[in-house]
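Survey of secondary and tertiary structure
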Amino acid sequence: MKTFLGRKPAHLVSALVIAAAACITVTGIGAQSAQARDQKVTLTRTNRDCNGDIVPPSLPTPFGFAIIHPTGSSKLIANVVLQGGTANATYNIRLIQTQNGAAIVPECTEIDATLTTDAAGNGSTNVQEALLSGANDAFVVLNNQANLFDFFTTEEVFF
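Summary of the structure given here. (Residues numbered from 1 in each chain as written. Predicted model: local features only at pLDDT ≥ 70, side-chain atom pairs only at ≥ 80, totals over all residues. Heavy atoms only, no water.)

1. Side note on the pairing of strand S11 (residues 147-153)
Relative to S11, strand S10 (residues 137-144) runs antiparallel, the two being bridged by 4 bridges. Paired with Asn143 across the bridge in S11 is Phe151. Connecting S10 to the antiparallel partner S11 that follows it, the hairpin turn spans 2 residues. (Pairing = 2+ DSSP bridges. Helix = DSSP H or I, 4+ residues; strand = E, 2+ residues; numbered from the N terminus.)

2. Quick word on the nonpolar core
Among the nonpolar cores identified, the biggest contains 21 residues, and Ile68, Val80, Leu82, Val140 and Leu142 are the most heavily contacted of them. Of all the secondary-structure elements, those providing two or more residues to this core are strand S4 (64-70), strand S5 (75-82), strand S6 (90-99), strand S8 (113-116) and S10. For this core, the leading source of residues is S5, giving 4 residues. Among residues more than four places away in sequence, those in contact with Leu142 are Leu43, Val80, Leu82, Tyr91, Asn92, Ile93, Leu115, Asp150, Phe151 and Phe152. (Core = buried A, V, L, I, M, F, W, Y, C linked by side-chain atoms within 4.5 Å. Buried < 20%, exposed > 50% of the residue type's maximum accessible area, 1.4 Å probe, protein only. Contact = heavy atoms within 4.5 Å.)

3. Concerning the state of the cysteines
Covalent bonding between the sulfur atoms of two cysteines is what defines a disulfide. Here the structure, examined in full by the defined rule, presents 1 disulfide. Paired through a disulfide, Cys50 and Cys108 show a sulfur-sulfur distance of 1.5 Å. Residues Cys50 and Cys108 share a disulfide whose torsion about the S-S bond is about -70°; that sign makes it left-handed. Separated by 58 residues along the polypeptide, Cys50 in the loop between strand S2 (47-48) and strand S3 (54-55) and Cys108 in the loop between strand S7 (102-103) and S8 bring together distant segments of the chain. By relative accessible area, Cys50 is classed as partly exposed at 29%. (Disulfide = S-S within 2.5 Å.)

4. So, the packing of aromatic side chains
Where two aromatic rings form a pair, the distance of their centres and the angle of their planes describe that pair. Overall, the coordinates contain 2 aromatic pairs when judged by the stated rule. Ring geometry for Phe63 and Phe152: centres 5.2 Å apart, planes at 55°, overall tilted. Of this pair, Phe63 sits in the loop between S3 and S4 while Phe152 sits in strand S11, placing them 89 residues apart in sequence. Take Phe63: its relative accessible area is 17%, and that puts it in the buried class. For Phe152, a relative accessible area of 0% corresponds to the buried category. One aromatic cluster is present, built from ring pairs that chain together Phe63, Tyr91 and Phe152. One residue, Lys40, lies across the ring of Phe65, its end atom 4.1 Å from the ring centre. Here the basic side chain of Arg45 rests over the ring of Phe63, its NZ or CZ set 4.8 Å away from the ring centre. (Phe/Tyr/Trp six-rings, centres within 6.5 Å; stacked < 30°, edge-to-face > 60°. Lys NZ or Arg CZ within 6 Å of the ring centre and 35° of its normal.)

Here it is, written out as C-alpha cells:
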C-alpha cells in the first residue's frame with residue numbers, strides 16, 4: 001500500500017477511496033432495504049380467522065416457515081416451506097392480504113396455490129399474487145385438502 005500511495009498523486013488516491021466508499025454505501029443500502037422487506041415467519045398449527053386473529057387454542061410449535069415480501073412491481077410473494085406435515089398430502093394455500101387487520105374481500109376464500117408433501121411430510125412452493133390496493137399486511141394459511149383440521153398458519157407481517 002505504501003508503494004501505491006507513493007506513486008500516485010494524493011488527489012487520485014482520495015478520489016479512489018471516495019468512489020469505493022460510495023459503492024459500498026450504495027450496495028449496502030440496497031441490500032438492507034431489500035432484506036428489510038423480506039419477512040420470515042414461522043408456520044404453526046395456530047388457527048387464525050380471515051383477519052389474522054388467533055382462534056384458541058394457540059399451538060406455537062414450528063412446522064416450517066414462509067418468507068413474505070411485496071415487490072416493486074406490485075406483487076406479493078410468499079415462499080412457503082412446510083416441514084413435518086402430513087406425508088404425501090396436498091395443502092391448499094391462501095395468501096391473505098389485509099388492510100389494518102381486516103381481510104380484503106374475497107381474500108379469505110381464494111386458493112392461491114397448492115403444496116404437495118413428500119413421504120416425510122416436507123414440501124415447498126412459491127405463491128405470487130397482485131398486491132391489493134390498500135393492503136398493508138398479510139399472512140399464509142395452509143389446509144390439507146383431505147383433512148380440514150390439518151392446517152398451518154403464519155402470523156401477520158406488515159409492509
